[in-house]
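# Coordinate inspection notes
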Amino acid sequence: MKLNKQLLLFLLLVTGAVAQSQQVLSLDECRRRALEANRGLKQAEMKCDETHNLERAALMEMLPRVSAADEYTWTLNSVHLLSDEQRERINNMGNTVQNAVDQAVRDEASQLPIGGEYIGDYLANVINNSGLAEELNNVGHEITDGLNTDTRNMSVVTLTLTQPVYLGGKLIAMHRTAMLMEQLSGVEYSRKEAATLMAVDEAYWQVVSVEHKKRLAERYAALLDTLVANVQSAVDADMATMGDLAKVRVKRNEAQMALSKASNGLALAKMLLAERCGMPLDVDFEVESGGWQSGSGSEVSALAPLSAYNYSLEDVYARRSEMKMLRISDSVAHEGVRTAASVLKPNVVVTGGYMFSNPNVFNGFQNEWGGTPMVAVAVGIPIVHPAGVYAVKAAKAKCLEVEYQRQEAEELIALQVSKLKCEHELAYKKLVQAESNLDMANENLRLADESFKAGVCSSSDLMMAQTAWLQAEGEVLDARIEIEMTKLYLEQALGLK
């Protein structure tokens, strides 16, 4: 006996600890967890970062670009500015000049009337002994050595600054396109965020619905348990037949089966909500009931339909993410026309820099570094470019395609808003009717229960009243959840979520 008391105390303590540790999640908490755990949102966030950097890169394309290049070349032979015959003639130009002068002196002296031959020989000897040939030969060698480039090892270093001046408007169009793509990624992130919240809300209200239906099934099963006990007492007092007891027991078995299905459905609904919130599937938690309980008709009637929202379709179009994406796509298509047309326009690029070379080509090919500044202006004018013409036509066709998509989307959104507004108002009317039916079912059940206890009605009549009450309770629950869901869908269609 003492052991049983200790075991009972231990079980109570464990049950209390589990109950205290069990989480109770609100709708806002589920949304927060889902936003933190959703990998699709993380991907969309990285897409936003990617497009932001691409926009920065497109902007930088308009600024000057500085680059450096180094080239080293080895060749087996040097570049020769003179041929072998020219080098030979320059190297021996002293001998050539001396021979020419010697011959010229002798020819002129031979024309003298007296002693010309001797005078010619004398002047020729003077010229030959003057060293003129050797001096000129040395000058010739200096010239050929100076013209020796020695370009077998050639290094060229270039520092270049390139500034695009006008590329047909392509750079501006590319930057605008990048800015629009950044905006598009932001809208896509918002759309995925809204879709995530919508999925969580659906799963949350599914749990609330199934949980309340489970509680309703428990209440119904408890009523039938009480009815079975009452009918059993009536059978023992010979006031009812075994057939009446069998009918009640069959109904109780059906209620127990419905309760089991509701319990399984609640477990599955919680698993779905846990998955969307990024929690383990086997975690145990409860959700807030949203301030209403099954059977509380006075509380649910406080709901009001969304027809009180004042809206215009133009405001809806401005808020809807699909329309934002189509408007951005339209702007991107127009920038595509400008980009395609840029190939048909002139291009102007200014280039400046400094070039170093070794051997120094600016100082007689000396084996030293030498350089010079340089400036260039490049102008390209397309004359015949058929491909560019067709590219422009294709880009303009894309603009018209996006415009038609936008018009179609507006029509579908207007139809969607009208349909969801009607569904929400109809759900509210269903709730009002279901509450009225529930009030009558409660009164009918009360009268049937009193009549059964007074012995003026059968157990079958009481079970019919209980079944009608169960159906009315279920209709109220369904109407309440339908109002929550149609409100959610309508707010999404209006661009409010």
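In what follows, the structure referred to is the one given above.
From a predicted model like this one, the values you see are computed outputs, not experimental measurements.

## Considering a nonpolar patch on the surface
- Taken together, V79, L81, V139, I143 and L147 make up a surface patch of nonpolar side chains, about 380 Å² in accessible area.
- Secondary-structure assignment places V79 in the loop between β2 (65-74) and α4 (84-91).

## As for the packing of aromatic side chains
- One pass over the full model with this rule turns up 2 aromatic pairs.
- Ring geometry for Y204 and W205: centres 5.5 Å apart, planes at 90 degrees, overall edge-to-face.
- The buried category is assigned to Y204, whose relative accessible area is 3%.
- Among the residues examined, W205 registers a relative accessible area of 9% and is labelled buried.
- Cation over ring: K270 sits above F285, and NZ or CZ is 5.7 Å from the ring centre.

## Notes on the pairing of strand β5 (residues 347-358)
- Strand direction decides the pairing type here: strand β3 (residues 153-166) and β5, joined by 11 bridges, are antiparallel. In the strand pairing of β5, P164 is matched with V349.
- In this sheet, strand β6 (residues 370-380) lies alongside β5 in antiparallel orientation, the contact comprising 11 bridges. What sits directly across from G353, in β6, is M374.

## Let's talk about the pattern of salt bridges
- Tallied over the entire structure, the rule returns 29 salt bridges.
- The partner of R33 in a salt bridge is E29, and the shortest N-O contact between them spans 3.0 Å. You can see R33 and its partner E29 sitting in helix α2 (residues 27-37), 4 residues apart, about one turn around the helix.
- Classification of R33 as partly exposed rests on a relative accessible area of 22%.
- What makes E29 partly exposed here is its relative accessible area of 23%.
- Its salt-bridge partner being K421, residue E425 comes within 3.0 Å of it at the nearest N-O pair. Of this pair, E425 and K421 both sit in helix α13 (residues 386-454), 4 residues apart, which is roughly one turn of the helix.
- One network of salt bridges, with partners in common, ties together E29, R32, R33 and E36.

## Focus: the packing of α4 against helix α7 (residues 132-146)
- Interhelical geometry of α4 versus α7 gives an angle of 145 degrees and a closest axis separation of 7 Å. Counted together, R87, I90 and N91 of α4 and N137, G140, H141, I143 and T144 of α7 form the full contact between these two elements.
- A per-class count over the contact of α4 with α7 returns 2 nonpolar, 5 polar and 1 charged.

## Focus: the state of the cysteines
- In the structure shown here, the tally under the stated rule is 0 disulfides.
- With no disulfide of its own, C277 lies closest to C30 among cysteine sulfurs, the gap being 4.1 Å.
- Under the relative-accessibility criterion, C277 is labelled buried at 3%.

## Here we look at the sheet that holds β3
- In space, the 4 strands of this open sheet follow the order β2-β3-β5-β6, with antiparallel pairing throughout. Each edge of the open sheet is held by one strand with a lone partner, namely β2 and β6. This sheet shows a mean twist of 20 degrees between the axes of neighbouring strands, independent of strand direction.

## Observations concerning the environment of A465
- Along the chain, the position of A465 falls in helix α14 (residues 459-493).
- By relative accessible area, A465 is classed as buried at 2%.
- Once residues within four sequence positions are removed from consideration, A465 is found in contact with N444, L445 and A448.

## Details of the side chain of T51
- Tracing the chain through its elements places T51 in helix α3 (residues 39-60).
- A polar contact is formed between the side chain of T51 and the backbone oxygen of C48, at a distance of 2.9 Å.
- Look past the residues within four positions of T51 in its chain and what remains in contact with it is A178, M181, E182 and S185.

## A short note on helix α8 (residues 170-236)
- Taking 1.5 Å per residue as the helical rise, α8 with its 67 residues ought to reach 99 Å, and the 97 Å between its terminal C-alpha atoms agrees with that figure.
- Directly after α8, the chain includes D238, whose backbone phi takes a positive value near 60 degrees.

Each value, and the rule that gives it
Residues numbered from 1 in each chain as written. Predicted model: local features only at pLDDT ≥ 70, side-chain atom pairs only at ≥ 80, totals over all residues. Heavy atoms only, no water. Patch = residues over 30% accessible without salt bridge, like charges linked within 9 Å, V, L, I, M, F, W, Y side chains within 5 Å. Areas by Shrake-Rupley, 256 points an atom, 1.4 Å probe, with all protein chains shown as cover. Salt bridge = Lys/Arg side-chain N within 4 Å of Asp/Glu carboxyl O. Helix = DSSP H or I, 4+ residues; strand = E, 2+ residues; numbered from the N terminus. Phe/Tyr/Trp six-rings, centres within 6.5 Å; stacked < 30°, edge-to-face > 60°. Buried < 20%, exposed > 50% of the residue type's maximum accessible area, 1.4 Å probe, protein only. Lys NZ or Arg CZ within 6 Å of the ring centre and 35° of its normal. Pairing = 2+ DSSP bridges. Axes fitted to C-alpha atoms, helices over the stretch in contact; angles between N-to-C directions. Contact = heavy atoms within 4.5 Å. Nonpolar A, V, L, I, M, F, W, Y, C, P; charged D, E, K, R; others polar. Disulfide = S-S within 2.5 Å. Polar contact = N/O pair within 3.5 Å; in protein donor to acceptor, adjacent residues only side chain to side chain. Expected span 1.5 Å × (residues − 1).

That is the geometry; function is a separate question.
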